[in-house]
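Chain and residue survey
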Amino acid sequence: MTALRDGTDLLPWHRPDIRDEDIAEVVDTLRSGWLTTGPKTELLETEVRALVGAEAAFAVTSCTAALHLALLAAGIGAGDEVITTGLTFCASVNVVAAVGAEPVLVDVEDDTLNIDPDAVRAAITARTKAVLVVHYAGHPADMHRLTRLAEAHGLLLFEDAAHAIGATYRGRPVGSFGDLAAFSFYANKVVTTGEGGMLVGRRDLVERARLIGRHGIDRPIWDRQGSRTRAYDVVLPGIKYNLSDVLAAIGLHQLRRVGELVDRRAALALAYTSRLRSVGGLVPPAVRADVRSAWHLYVVRVRADGTAAGRDAVAEDLRRRGVGTSVHFIPVHWFSQYRSIRRHDLPVTDRAGHEVLSLPCYPGLATADVTRVVDALRDALAAGPAAEGGAPCTAS
Ligand SMILES: Cc1ncc(COP(=O)(O)O)c(C=O)c1O
């Protein structure tokens, strides 16, 4: 429980799973005398690479940084188009704009809310360079069709796997399908370092990204410590995106228990879905047969009055009943910056934007909490749209 300012207790929408072993690893790092990128970061890279089965990995300050580096390393820029979805966090689209390329939004599939391969095919032009696939809520996108499509059209495939560490598609880890993939270790993610991310994928592209993300310096400081700190060259105009050992230490043990973390999330999701069968006015999340979702989010679609205000009123009512929620996502093209973004028809995205509501789903949640949330949701829906409106929390 979290105490709110007005003294009421709130079941938080999210709480990280931090254990003594995580704290001990951070303390060990603080005592080691080496705080920036070094042995702990290298270990995190090695272990993510092994988990995903990727050729290479570069630990960075955020998933946004990883996505930005992916585009820079692949040489995507002015005149290029990148196809992605609007039902994502603004970062997926911001990075495309940041390198001077044009983001093009296509619709999502109605069951998983993942990018629709048919819509991607219809949006490909002579200027299309890449498809940026978001594994929404941790449920893998249709990688069979998307990889075939990218191959057939000579496109780069990037995975925004911010939500999906530990997920598999047809038994293969998410993050192993694209030329490059980006994971997030943001505070509310399945594995967290508070802030952080990881770029994985093709060795040539990851090594180029490492160079760009390290000021364009050809040798890392960890390799140059001692008397050789001056032994480096700057070989391109880089930026700084490297993760510190202090943050890497937070994630090391979580990564080792990622299977357990995902299993617990999956058990909670199952508990929600079975209890929600008796609740009218909403649709629980779909799960396809050939995947293991990471269950970063448990997203229901609230069919209150078909408007975002109706959904927001339910969220506000839940908050008054002591249950925190969030919204993933406000579609990107609803924001002022992106109102005129190039896009194809987005009926499923728009509808989802009015309906999606993320319920608490994290390892520290008790099964009794799930029952409590479902009871509160049933009561909130029964109270109807007369409930006072209000903006729910919209954490990324
Ligand atoms: C789909 C998606 N992509 C990218 C990001 C950016 O992640 P980060 O905060 O690690 O930069 C987020 C953040 O939540 C996200 O949800």
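Small disclaimer: the values here were computed from a predicted structure and weren't measured.

Moving on to the packing of helix H11 (residues 308–320) against helix H13 (residues 367–383). Where H11 contacts H13, the two axes come as close as 9 Å, and the packing angle between them is 130 degrees. Judged by the inter-axis angle, H11 sits oblique to H13. Crossing of H11 against H13: the hand is right-handed. For the pair H11 and H13, the contacting residues are Val314, Asp317 and Leu318 in the first and Val373, Ala376, Leu377, Ala380, Leu381 and Ala383 in the second. Residue composition of the contact of H11 with H13, by class: eight nonpolar, no polar and one charged.

Okay, the pattern of salt bridges next. All told, the structure shown has 31 salt bridges when counted by the stated rule. We note a salt bridge from arginine 19 to glutamate 260, for which the minimum N-O separation is 3.0 Å. Taken together, the positions of arginine 19 in the loop between strand S2 (9–10) and helix H1 (20–32) and glutamate 260 in helix H10 (residues 258–276) put the pair 241 residues apart, joining distant regions of the chain. Residue classification places arginine 19 among the partly exposed residues on the basis of a relative accessible area of 30%. A relative accessible area of 44% means that glutamate 260 is categorised as partly exposed. Linked through salt bridges whose partners overlap, the residues forming this network are Asp17, Arg19, Glu21, Asp22, Arg257 and Glu260.

On to the sheet that holds strand S8 (residues 168–169). The three strands are arranged S9-S8-S13 in an open sheet whose pairing can be described as antiparallel. Among the strands making up the open sheet, the edge pair consists of strand S9 (172–173) and strand S13 (291–292). Here two bridges tie S8 to S9, and the two strands are oriented antiparallel to one another. Each residue of the ladder has a partner; that of tyrosine 169, found in S9, is arginine 172.

Conventions used here
- Residues numbered from 1 in each chain as written.
- Predicted model: local features only at pLDDT ≥ 70, side-chain atom pairs only at ≥ 80, totals over all residues.
- Heavy atoms only, no water.
- Axes fitted to C-alpha atoms, helices over the stretch in contact; angles between N-to-C directions.
- Helix = DSSP H or I, 4+ residues; strand = E, 2+ residues; numbered from the N terminus.
- Parallel < 35°, antiparallel > 145°, perpendicular 65-115°, else oblique.
- Left-handed = near helix turned anticlockwise from the far one by under 90°.
- Contact = heavy atoms within 4.5 Å.
- Nonpolar A, V, L, I, M, F, W, Y, C, P; charged D, E, K, R; others polar.
- Salt bridge = Lys/Arg side-chain N within 4 Å of Asp/Glu carboxyl O.
- Buried < 20%, exposed > 50% of the residue type's maximum accessible area, 1.4 Å probe, protein only.
- Pairing = 2+ DSSP bridges.

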